[in-house]
Amino acid sequence: MTHGFAVDRAFATVAFKRRLAYKTQWLVALVLGGGAMLVSMAMWSNLIGSGSLSGYDWDSMRAYLIIGFVTATVVFGGADWHIADRILDGHIAIDLTKPVDFQRARAAEYIGSMASTVPTVVIGVVGAWLLFDPPGPVSPTAGLLTAVSFVLIFPLAFGIMYLSVLVCFWTKRYLGIMWLREALLGFFSGMMIPLAFMPSWLQSIAWALPFPHFTTTPAAIYLGRVDTAGALGLIAAEAAWTVGLWFGGRFVFRHAVKKVTVHGG
Amino acid sequence: MPILEARSLTKTFRRPDKASGFKGAVKHLAQRKYKNYTAVDGIDLSIEAGESVAYVGPNGAGKSTTVKLLTGILKPSEGTVRVMGRDPHTERIANAHDIGVLFGQRTQLWWDLPVEESLKLLKHMYGVSEADYKRRIAMFDDLLDLNEFMPALARTLSLGQRMRADLACALIHDPKMVYLDEPTIGLDISVKDRLRAFLRELVNDGTTLLLTSHDLADIEEVCERIVVIDKGAIAYDGSITKLKAHYITTKSVHLHLEGAADVPALAEKFPDYAWAAGQAASEVVATYESARHSTAEVLGSLTAQLSPRDLSLSEPSIEDVIRRLYAGELTK
C-alpha cells in the first residue's frame, strides 16, 4: 500500500485539531499577532507621515504590513516543536514503524497546523481592513498571483522548517536552531522591515535565499512593484525553492535516519 | 524460509567519554573523546512463521535495541536482518505495513486527541477497510474494554488504559509479525489473563510473535520458545519446555511436622535429600534430584517415616532459572 492522499488528509486534520485543542493558546496568538500589527502600523505611520521612504508611502506600507501579518501568522503558526520533540525524545521510533513516508506525513501535519492559523488571519485581516482601509491589489491579475504566492508559502515554510529540524539528529537540541532560523527568516523575508530599506548588497544576499518569498514576493506582486511577467518569475522562483527544499529534505533524512539513537526501552 | 532471520546482528553506539563535573564538561568541549558501546553483539536469530518467541534479558541486555534493529528503526552496525524477505531498515515502509509494534514505554497515541482519533488515523495509514476496522474495534472492546475510554484524550488515560489502547493500535491492521515490548505493564490480573488468551489465539491463527517481558507469566503462558540475551549476546535459545527440563532438575517437598523439625537429624536420616528449615519451627523443606528419585518414592518414604501434618510439592520456577541465567550461574 502506498501513502495516499487520504493519509495526508488524516494527518493534516489531526494536526489542525491538535492546535485548536488549545483554545487559549490560539487566542493569545491572535491577540499578540494583532497587537504587533497595530504597533507596526502606528510606528510606520509616524515614520512615513505624508511622504515616503524607500518607495513606500503610507498606502503601500499599510498593505505591506497586513501582508506581513498574514505571512508571519501562518509561517510561525506551524507546529515545528512537535516534530523536533519527536526526534529528541525518541518518539520517532514509533513513526519509523508506520508505513508512511516520514517527510510527507510531517508535511501534512505541518500544513494542517499552519491551516489552524487561518481563522486568526481572517480576523486580523478583517480587523486591519476596517481600521486602516489599505489599498486593494493593483489589478485582479496581481490579486490572483498574490493568492498563488500565499498558497506556496505553506510548502515553502515546511521545507525550511523540516531541514532545520532534521539538524536535531546531529545536534540533539532544537532551540538554538529555531532561533537562528526565525532570525534569518524574520530578517531576510522582509517581515521585520521591507528589503527595500536594506543596502543593495544585503538585498542580494536575501534574494539568494528562499526567505524573501514569504513577505517580499507577495507584497511586491500585490503592490505592483513587478509586472505580470516579473510576478510569474517570482512565483517560479518560489516554486523552485519549494521543490528544491523538498528534495533536499529527502536527501538529508536518508542520512539523518542512520543517526537515530533511541535508548531506553 | 524463516519469517525473520538475523545473522551476526550488531549495533554499536558511540558515547561521549568525558569526566564528570564542570572541568570535565569544559575539557570535552575542546577535546572530544568517544567510546564505542556494543549494545547488540553478533546475534543470530531465526524465527519461523507462526512461532511465539519470548525475548528476555536483564535490564540493559540489548532487548529493546534488538527489537529496534528488527523493526527497522535502527540501522545495524554489522550483520544482516531480513523480515519477510525484506531489509527492515532500507525497505522500511513496505516492512512497516506487515508488522505491528508495541513499545510499552512509548505510546503510539496522539497525546492531545481522543483515542478514537488515533485509531482512525492508523486505519487510514494501514488502509484498513471500514468493515474490518469496526470488527476489530468490537473485538478489542470485548477483550480490552476499549469503548470505556475511546472518547478520552490520550493524555488523560491511566497507564493500564494507555497500554490497552496501544495494543489495539499495534494490532488494528492484523499484522503478520508482531513485536510486543512489555505489553502487560500496568494491566490488572484479569486483563492480563484475557490479553494472554488473546495472544495465544493470535499465534494459533498464524501470527508470528516476538515478546519481551519481565513478567515471566506472560512468557510461560504465551510463548513456546525463549531466547535469553545478556550483555548483547544470546545466552540461551530453545523451547521453554527444554529450558525447564535442562535447568530445573530438582523438586522440593514442604513438610509441616507435628513437633519442632530437627534439620541435622533429618539430613542424617535421609542423606539423599538436601534439607533446610522452613519459616515456622515445625516446617522443613526437602529438596531432591528428580532424575534420581521419583516423586512417589520421595513422598512415600517421607510420609511413612515422618507422618507430617501437611505437605506440598514445588519446583523451581522459570523465574529462578532466568535469574540464575542472568547471574551467569548456568551455562548453555
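Here is what the cut-offs are and how they apply
- Residues numbered from 1 in each chain as written.
- Chains lettered and ligands numbered in written order.
- Predicted model: local features only at pLDDT ≥ 70, side-chain atom pairs only at ≥ 80, totals over all residues.
- Helix = DSSP H or I, 4+ residues; strand = E, 2+ residues; numbered from the N terminus.
- Buried ≥ 20, exposed ≤ 12 C-beta atoms within 10 Å, placed from the backbone.
- Contact = placed C-beta atoms within 7 Å.
- pLDDT = per-residue confidence, 0-100.
- Axes fitted to C-alpha atoms, helices over the stretch in contact; angles between N-to-C directions.
- Parallel < 35°, antiparallel > 145°, perpendicular 65-115°, else oblique.
- Left-handed = near helix turned anticlockwise from the far one by under 90°.
- Nonpolar A, V, L, I, M, F, W, Y, C, P; charged D, E, K, R; others polar.
- Expected span 1.5 Å × (residues − 1).
- Pairing = 2+ DSSP bridges.

If you tally the helices and strands in chain B, you get 12 helices and 13 strands. Seen through its C-alpha atoms, chain B measures out along the principal axes to roughly 70 × 60 × 45 Å. The 332 residues of chain B split such that 37% are buried. Considering only residue pairs separated by 6 or more positions, chain B has 70% of its internal contacts joining residues 24 or more positions apart.

The predicted coordinates ought not to be read in detail in places where the model reports low pLDDT. All names here are of chain B. Counting all residues, the mean pLDDT for chain B is 89, and 99% of those residues have values of 70 or more. Least confident of the elements in chain B is helix H1 (residues 21-30), whose mean pLDDT is 76; most confident is strand E4 (residues 78-83), at 96. Here the predicted complex carries an ipTM of 0.80, next to a pTM of 0.83.

All right, on to the packing of helix H2 (residues 23-48) of chain A against helix H3 (residues 58-75) of chain A then. Residue and element names in this part refer to chain A. Two elements in contact, H2 and H3, have axes separated by 10 Å at closest approach and are oriented at 155°. Classified by the angle between their axes, H2 and H3 sit roughly antiparallel to one another. Here H2 and H3 pass one another in a crossing that is right-handed. Counting all contacts with H2, which are made through Gly33, Met37, Ser40, Met41, Trp44, Ser45 and Ile48, the residues of H3 involved are Trp58, Met61, Arg62, Leu65, Phe69, Ala72 and Thr73. For the contact of H2 with H3, the per-class residue count stands at 9 nonpolar, 4 polar and 1 charged.

Residue and element names in this part refer to chain A. Look at H2: 37 Å from first C-alpha to last across 26 residues, which is about the 38 Å you get at 1.5 Å a residue. Tucked inside the fold, the buried residues of H2 contact H3 and helix H7 (118-132). A positive phi of about 60° marks glycine 49, the residue just after H2.

Turning our attention to the sheet that holds E4(B). All names here are of chain B. As summarised here, the arrangement of the 3 strands in space is E2-E1-E4, forming an open sheet in which the pairing is antiparallel. Edge positions in the sheet fall to strand E2 (34-47) and E4, since each has one partner strand and no second. For this sheet the average axis-to-axis angle between neighbouring strands, irrespective of direction, equals 30°. Where strand E1 (residues 4-16) and E4 come together, 5 bridges link them in antiparallel fashion. Looking across to E4, one finds that arginine 7 is bridged to threonine 80.

All names here are of chain B. Sheet architecture is open: 6 strands sit in the order E5-E6-E7-E3-E8-E9, paired in mixed fashion. The strands lining the two open edges of the sheet, one partner per strand, are strand E5 (99-103) and strand E9 (233-239). Within this sheet the neighbouring strands show an average axis-to-axis angle of 15°, counted without direction. Pairing of strand E3 (residues 52-56) with strand E8 (residues 225-230) involves 4 bridges; the strand directions are parallel.

Moving on, we come to the interface of chain B and chain A. The interface of chain B with chain A comprises 28 residues on the first partner and 23 residues on the second. Counting residues per element, the ones that place at least two in the side of chain B that touches chain A are helix H2 (63-71), helix H3 (92-97), E5 and helix H4 (115-126) of chain B. The element contributing the most residues to the side of chain B that touches chain A is H4(B), with 5 residues. Its residues placed into classes, the side of chain B that touches chain A shows 13 nonpolar, 8 polar and 7 charged.

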